[in-house]
Amino acid sequence: MPLYIVNSKAGAIPEAAKAELANDLTRIHCEVTDAPPTFVHVFFFDDAPMPPLGDKTAMVYGQIRHGRTEAQKAQICAEMSAAVADRSGISKAGIQTFTTDTPASWVMEGGDVLPEPGEEAAWLAAHEAKMATQRADA
Amino acid sequence: MTDCTCMVQQGQISAEQQATLCTATSDFAQKHFGTPANINWVEVPEGSGFTAAKPSTSVIVSVRADRSLSPSERVPLLHELEGIWRKHAGRGPDEVVSVITDPAQ
């Protein structure tokens, strides 16, 4: 978490552009939220049922942790729409980006319940120390 | 039925693993939420999944509880669900995202 699902009409986002676009979306999320990239997921689909495309060519749906400000969410949406347009050539009018909030306490990743926004650095340090101990014990 | 979505990377989970995971996840739902799982199995096309901007090996399993859960109730369930997927999908701890949501309001 976060999970960004990019659904688009078949071929609208070139295969060769997906890695670069994933990098863009990851960077945008991290820059806006100050969260680490460790657990940022970006999954691309062509003509998937969810999220429905309607009259759009591409849809970016972000499931993010609860606690981000409305300004942060608006910035994420604007910058991600621009990134999709830049990488694919789809007009901005053909792209919709939106997010929904999920409480951090509902999600476990890497064996730990996710931290609340703003607590990522301490969480990640503790998590990586735990993983190092587990690797050493293995 | 207990709604459940499982997102995996295409080509990384065998048919046998899928069958085992579906059974174990449904058993989990039956045990804790009273009904078997209605599983929406989603495969991310090969080359289309990225985690930390690198090709992804992650699985994401999301189960909707039948009631609002307290943290003391939810955390052990998250551990159990994660354990099911680590064991049967052959994933490491950083490759499993488990989610248990409250019912839709």
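As a reminder, the structure under discussion sits directly above these lines.
As the structure is a computational prediction, the values presented were derived from the model and not from experiment.

A.B. asks: Lay out the interface of chain B and chain A in plain terms, naming residues and giving numbers.
C.D. replies: In this complex, chain B contributes 25 residues to the contact, which on the side of chain A involves 25 residues. Sheet analysis places strand 5 (residues 107-109) of chain A next to strand 6 (residues 96-101) of chain B, joined by 3 bridges and oriented antiparallel. The residue of strand 6 of chain B that forms the bridge with Val107(A) is Val99(B).

A.B. asks: For the nonpolar core, give the residues involved together with the corresponding values.
C.D. replies: With 57 residues, the main nonpolar core has Val6(A), Leu25(A), Val42(A), Val107(A), Val59(B), Leu81(B) and Trp85(B) as its most contacted residues. If we ignore the near neighbours within four places in the chain, the residues touching Trp85(B) are Leu21(B), Val59(B), Val61(B), Arg91(B), Val96(B) and Ser98(B).

A.B. asks: So what's going on with the packing of helix 1 (residues 15-33) of chain B against helix 2 (residues 71-89) of chain B? Which residues, and what values?
C.D. replies: Residues and elements named next belong to chain B. Where helix 1 meets helix 2, the axes come as close as 9 Å, and the angle between the chain directions of the two elements is 165 degrees. As the angle between them shows, helix 1 and helix 2 are arranged roughly antiparallel. Helix 1 and helix 2 meet at a crossing whose hand is right-handed. Between helix 1, through Gln-17, Thr-20, Leu-21, Ala-24, Thr-25, Phe-28 and His-32, and helix 2, the contact on the second element is made entirely by Leu-77, Glu-80, Leu-81, Ile-84, Trp-85, His-88 and Ala-89.

A.B. asks: Which residues make up the sheet that holds strand 6 (residues 112-113) of chain A, and what values go with them?
C.D. replies: One open sheet holds the 6 strands; their spatial order is 6(A)-5(A)-6(B)-5(B)-1(B)-2(B), and the pairing between them is mixed. Pairing within the sheet leaves two strands with one partner each, and these edge strands are strand 6 of chain A together with strand 2 (37-44) of chain B. One ladder, built from 2 bridges, connects strand 5 of chain A with strand 6 of chain A; its direction is antiparallel. Considered in strand 6 of chain A, the bridge of Met108(A) is made with Val113(A). Strands strand 1 (2-9), strand 2 and strand 5 (59-64) of chain B of the sheet are contacted by helix 1 of chain B, whose axis makes an angle of about 145 degrees with strand 2 of chain B. Where helix 2 of chain B meets the sheet, its contacts fall on strand 5 and strand 6 of chain A together with strand 5 and strand 6 of chain B, and the angle it forms with strand 6 of chain B comes to roughly 140 degrees.

Here is what the cut-offs are and how they apply
Residues numbered from 1 in each chain as written. Chains lettered and ligands numbered in written order. Predicted model: local features only at pLDDT ≥ 70, side-chain atom pairs only at ≥ 80, totals over all residues. Contact = placed C-beta atoms within 7 Å. Pairing = 2+ DSSP bridges. Helix = DSSP H or I, 4+ residues; strand = E, 2+ residues; numbered from the N terminus. Core = buried A, V, L, I, M, F, W, Y, C linked by C-beta atoms within 7 Å. Buried ≥ 20, exposed ≤ 12 C-beta atoms within 10 Å, placed from the backbone. Axes fitted to C-alpha atoms, helices over the stretch in contact; angles between N-to-C directions. Parallel < 35°, antiparallel > 145°, perpendicular 65-115°, else oblique. Left-handed = near helix turned anticlockwise from the far one by under 90°.

The values are spatial; any link to function lies outside them.
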